[in-house]
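What follows is the residue order along each chain.
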Amino acid sequence: MSIQVLSIGNSFSRDAQRYLHELAKSEGVDLQTVNLYIGGCSLEKHFRNLKGDRREYTLEVNGQTAEGFMTGIREALTARNWDVVTLQQASHESYREETYQPYIKALADSVRENCPKAKLFLHQTWGYESGSVRIRAHGFETYDEMFARVMNCYDRAAGEVHADGVIPAGLAFQYALKNGIGRIHRDTFHASYGMGRFLLALVWYGFITGNDLGHIRFGQLDEEIGDEEYRILIKAAEESLRKRTIADRESIPSSTY
């Protein structure tokens with residue numbers, strides 16, 4: 001059996017899902033991924049699209065765009081028997097608590113109504129590149145400064161909607177940067193095509209399956225990664241997963257795949 005994952009997201013969930021299916025496949029796990037994509041889409045816009053039953057999302061399946069096919073949230077929620085559904089805030093609003101409610105609660109309620117057996121995870125996004133024009137425009141100077149606010153917002157939202165866990169993507173970026181990875185953003189805010197997206201795939205795979213990451217050898221990337229960089233990314237993913245509580249990291253039972 002396969003693990004079915006749906007993300008109600010934007011370009012950050014696109015980054016996260018780019019390699020996820022293929023990485024899982026290389027480990028013998030059938031992990032099917034679907035992303036509902038609108039660039040820069042906020043929780044408020046997702047909420048309004050849900051209420052208006054708007055078919056405004058580009059469908060992305062297993063890291064690839066399904067050209068010419070548009071869908072809506074409710075249609076997607078009822079299309080499969082999802083094991084995991086993820087929600088996230090747009091990065092430019094991710095550090096502002098007041099932008100999460102009432103939208104994320106309404107979205108979470110819809111997920112549970114339509115997918116009562118699915119795990120509801122929040123995809124913790126990440127901060128912008130330290131010293132960049134973009135991060136300064138939001139009132140921060142460093143990744144750590146911005147991400148501290150982002151992480152607090154996600155943890156608070158997770159408690160308010162009783163999420164089954166928070167995928168610690170932003171935390172993994174922080175560990176990678178602290179451990180000397182260099183630049184992990186491609187344009188000061190999206191994940192880089194090689195290291196950034198690979199790190200996201202590692203964190204999502206480890207969080208969803210509970211499987212060990214230490215032995216993974218995956219090279220089907222859009223940008224090459226050196227051996228030392230690879231080691232740092234594996235370690236950062238492992239550290240971020242350990243940081244979350246046991247309850248946050250509760251995996252889908254292995255009998256489902």
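Residues numbered from 1 in each chain as written. Predicted model: local features only at pLDDT ≥ 70, side-chain atom pairs only at ≥ 80, totals over all residues. Heavy atoms only, no water.

Observations regarding the side chain of Ser42
For clarity, the threshold we go by: Numbering goes from the N terminus for both helices and strands, where a helix is a DSSP run of H or I of at least four residues and a strand is a run of E of at least two. The contact definition used throughout considers only heavy atoms, calling two residues in contact when any of these lie within 4.5 Å.
If you trace the backbone, Ser42 turns up in the loop between β2 (31–37) and α3 (43–51). Residues within four places of Ser42 in sequence aside, it is in contact with Gln89, Ala90 and Glu93.

Side note on the sheet that holds strand β7 (residues 165–167)
The test is simple: Two strands make a pair as long as DSSP finds a minimum of two bridges between them. Whenever a helix is involved, its axis is fitted only over the stretch in contact; in every case the axis is a line through C-alpha atoms, and angles between N-to-C directions fall within 0 to 180 degrees.
Strand order in the open sheet formed by seven strands is β4-β3-β2-β1-β5-β6-β7, with mixed pairing between adjacent strands. At either end of the open sheet lies a strand with only one pairing partner, and these are β4 (64–71) and β7. With strand direction ignored, the average angle separating the axes of adjacent strands in the sheet is 25°. As paired elements, strand β5 (residues 84–87) and strand β6 (residues 119–123) share four bridges and run parallel to each other. The partner of Leu87 across the bridge, within β6, is Leu122.

With respect to the pattern of salt bridges
Selection criterion: We define a salt bridge as a side-chain nitrogen of Lys or Arg found within 4 Å of a carboxyl oxygen belonging to Asp or Glu. Any residue under 20% of the maximum accessible area for its type is buried, any over 50% is exposed, and the rest in between are partly exposed; the area is computed with a 1.4 Å probe on protein chains only.
Within the structure shown, the criterion is met by 15 salt bridges. Between Asp109 and Lys105 there is a salt bridge, with the nearest N and O atoms lying 3.0 Å from each other. Placement of the pair is Asp109 and Lys105 together in helix α5 (residues 103–114), with a separation of four residues, close to one helical turn. Under the relative-accessibility criterion, Asp109 is labelled partly exposed at 38%. In this structure, Arg156 engages Glu160 in a salt bridge whose closest nitrogen and oxygen atoms are separated by 3.2 Å. Linking Arg156 with Glu160, this pair stays in helix α7 (residues 143–161), spanning four residues, or about one helical turn. It is possible to trace a salt-bridge network through shared partners that takes in Asp15, Arg186 and Arg197.

Observations concerning the pairing of β4
The sheet contact formed by strand β3 (residues 57–61) and β4 spans four bridges and is antiparallel. When the bridges of β4 are listed, Tyr57 appears paired with Thr71. Taking the residues between adjacent antiparallel strands as the criterion, β3 and β4 are bridged by two residues, where Asn62 takes a positive phi near 50°.

Some words on the pairing of β3
Where β2 meets β3, four bridges bridge the pair, whose relative direction is antiparallel. The residue of β3 that forms the bridge with Val34 is Val61.

Some points on the packing of α3 against α5
Stated precisely, the cut-off is as follows: Geometric relationships in this document are graded by angle, where less than 35 degrees denotes roughly parallel, more than 145 denotes roughly antiparallel, 65 to 115 denotes roughly perpendicular, and other angles denote oblique. With the far helix as reference, a near helix turned anticlockwise by less than a right angle produces a left-handed crossing, and one turned clockwise produces a right-handed crossing.
Relative to each other, α3 and α5 sit at 45°, their axes nearing to 8 Å. Between α3 and α5, the angle falls in the class oblique. For the pair α3 and α5, the crossing hand works out as left-handed. Residues Leu43, Glu44, His46, Phe47, Arg48 and Leu50 of α3 lie in contact with α5, whose contacting residues are Tyr103, Ile104, Ala106, Leu107 and Ser110.

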